[in-house]
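# A structural walkthrough
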2 protein chains.
Amino acid sequence: MAEHTFSISELAREFDVTTRTIRFYEDQGLLEPQRAGQRRIYSRRDRVRLMLILRGKRIGLSLLEIRELFDLYDAASNDEPQLREFIRILSRKEQQLQEQLDDIRVVLGEIGQIRSQCEKALGKQAS
Amino acid sequence: MAEHTFSISELAREFDVTTRTIRFYEDQGLLEPQRAGQRRIYSRRDRVRLMLILRGKRIGLSLLEIRELFDLYDAASNDEPQLREFIRILSRKEQQLQEQLDDIRVVLGEIGQIRSQCEKALGKQAS
DNA sequence: ATTGACGTTGACGTAAACGTCAAGTTATTG
DNA sequence: CAATAACTTGACGTTTACGTCAACGTCAAT
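Each chain has its residues counted from 1, following the order in which its sequence is written. Chain A is the first chain written and ligand 1 is the first ligand written, with later ones labelled in order. Local features in this predicted model are restricted to residues whose pLDDT is 70 or higher, and side-chain atom pairs enter the listing and the counts only when it is 80 or higher, whereas totals over whole chains, interfaces and linings include all residues. Hydrogens and water molecules were not included; the side-chain quantities draw on all heavy atoms of the structure.

As recorded in an unreviewed UniProt entry, chain A goes by the name MerR family DNA-binding transcriptional regulator, listed as coming from Aquitalea aquatica.

Around DNA strand C sit 17 residues, and of these Thr18(A), Arg20(A), Lys57(A), Ser9(B) and Arg40(B) come closest. Sugar plus phosphate, as a fraction of atoms of DNA strand C within 4 Å of the protein: 70%. Polar contact is the term for a pair of N or O atoms within 3.5 Å; when the atoms are in protein, one must be able to donate a hydrogen and the other to accept it, and sequence-neighboring residues count only if both atoms are side-chain atoms. A distance of 2.9 Å separates a base oxygen of DNA strand C from a polar atom in the side chain of Arg20(A). For DNA strand C, a base oxygen lies 3.4 Å from a polar atom in the side chain of Arg39(B). For the surface near DNA strand C, the secondary structure elements donating two or more residues are helix H2 (19-27) of chain A together with helix H1 (8-15) and strand S2 (39-41) of chain B. Only DSSP runs of H or I reaching four residues or more are called helices, and only runs of E reaching two or more are called strands; each is numbered from the N terminus. A total of four residues in the surface near DNA strand C trace back to one element, the largest contributor, which is H2(A). Residues are counted as near a molecule or strand when any one of their heavy atoms sits within 4 Å of it.

Inspection of the region around DNA strand D gives 18 residues, with Ser9(A), Arg40(A), Thr18(B), Tyr25(B) and Lys57(B) positioned closest. A share of 65% of the atoms of DNA strand D within 4 Å of the protein falls on sugar and phosphate groups. Contributing elements (two or more residues each) for the surface near DNA strand D: helix H1 (8-15), H2 and strand S2 (39-41) of chain A together with helix H2 (19-27) of chain B. By residue number, the principal contributor to the surface near DNA strand D is H2(B), which donates four residues.

It is worth spelling out unusual backbone geometry at this point. Residues and elements named next belong to chain A. Not every positive phi belongs to a glycine, and Asp 16 is a case in point at roughly 55°. Counting through the fold element by element, Asp 16 comes out in the loop between H1 and H2. Only protein chains enter the calculation, and the probe is 1.4 Å; a residue is then buried if its accessible area is under 20% of its type maximum, exposed if over 50%, and partly exposed in between. You can call Asp 16 exposed: its relative accessible area is 69%.

Here we take up the relation of the copies chain B and chain A. We place the copies in one frame by least squares, fitting the C-alpha atoms of every residue whose pLDDT is at least 70 in both. Overlaying chain B on chain A yields an RMSD of 0.1 Å, the required transformation being a rotation through 180° with an accompanying axial translation of 0.0 Å. As the rotation angle and translation indicate, the two copies are arranged about a two-fold axis. Taking the C-alpha atom as reference, chain B places Leu101(B) closest to the rotation axis, 3.2 Å from it. Throughout, a residue-residue contact means that at least one pair of heavy atoms, one from each residue, lies within 4.5 Å. Both copies contact each other with a shared surface, as 97% of the interface residues of chain B are interface residues in chain A too.

The subject of this paragraph is the interface of chain B and chain A. Residue-level contacts link 31 residues of chain B with 30 residues of chain A. Here the quantity called buried area is the accessible surface, traced with a 1.4 Å probe, that two parts lose on coming together, added over both. For the pair chain B and chain A, the two sides together bury roughly 3,200 Å², of which 71% comes from carbon and sulfur. It is Ile104(B), Arg115(B) and Leu122(B) in chain B that bury the most area against chain A; as a group they hold 18% of the surface buried on that side. Salt bridge criterion: a side-chain nitrogen from Lys or Arg within 4 Å of a carboxyl oxygen from Asp or Glu. Counting the contacts that link chain B with chain A gives zero salt bridges.

It is worth spelling out the packing of aromatic side chains at this point. Residues and elements named next belong to chain A. Note on ring pairs: Phe, Tyr and Trp rings are taken, using the six-membered ring of Trp, and paired if centres are within 6.5 Å. Classes follow the plane angle, with under 30 degrees stacked, over 60 edge-to-face and the rest tilted. For the coordinates displayed, the defined rule picks out two aromatic pairs over all chains. The interplanar angle of 50° and the centroid separation of 6.4 Å between the aromatic rings of Phe 24 and Tyr 25 together place this pair among those described as tilted. Sitting over the ring of Phe 70, Arg 49 keeps its end group 4.2 Å from the ring centre. Here, a charge over a ring means that NZ of Lys or CZ of Arg falls within 6 Å of the ring centre while also lying within 35 degrees of the ring normal.

With 64 residues, the main nonpolar core has Ile22(A) and Ile22(B) as its most contacted residues. Not counting residues up to four positions away in its chain, the partners in contact with Ile22(A) are Ile8(A), Leu11(A), Ala12(A), Val17(A), Leu31(A), Tyr42(A) and Leu50(A). In this text, buried Ala, Val, Leu, Ile, Met, Phe, Trp, Tyr and Cys residues form a nonpolar core when linked through side-chain atoms within 4.5 Å.

All names here are of chain B. With 13 residues, helix H4 (residues 63-75) ought to run about 18 Å at 1.5 Å a step, and its terminal C-alpha atoms sit 18 Å apart, in line with that. Among all positions in H4, only Ile 66, Leu 69, Phe 70 and Leu 72 are buried. Next to the buried residues of H4 lie helix H3 (44-58) and helix H5 (80-122). The length a helix should cover is 1.5 Å for every residue beyond the first.

Below is the structure:
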């Protein structure tokens, strides 16, 4: 099985971020690609991590929070208090996300109302 | 009807922000309270605006975006192209919010799975 | 009249998340 | 072998959203 790897610019293109961004994530301890000399070699695991970072960002996590989650997840398999802490953080974040989701629903509803008022005022063409 | 008004620190307490934050929003053109000499006097309309600002922030709008929405909303009653632009912006934002909402649902699902695995590993006590 | 609470305007500082050079290294390809 | 493309580190710049003084005004109460 010929372990497929990626260069930094391949990943940059695929996820539409700059190479600078990817190196920055490494500085922050979010990625640890292997090296071939100087050059960074990204495994599929690194690629998955990058996906997780970007999804984390989309839902409003800071890079620091993402890193804490990674660290906990990596360490959690062994230690019981670690596992409990992990659960605690996840529960807290779940609650925050739920509140955010409620906010979004409210705003979506209001946008819908305002828009239909606007469209009515313009002579009821469909959007 | 004795138009109730608010001081800056009343609003700060109510919404759990600092007075610095409220003055900053004014600098950015998001609030325009009246003055009694130097002092700022906030009407109920100002209070509503502050609520909208904070909700906008919670769903991930920048202060600039919030301001653009305010400006458009204020100007939209008159002008037809303004109204159309307003609708366009709202549609775009609605789509972004919908995507964000989908992301959140995915992550909530994953958190649920991970957590139940963790709990199983700890001997299935309820959370 | 002074103390204290509350308010004001600057001006500068800060953290996060990168962008933007600069200056050098390695690899390959015509 | 020289040019070009892709990569490297390092340092400084930038934007957003405030925090943090400093220095002063004002008003009610003691």
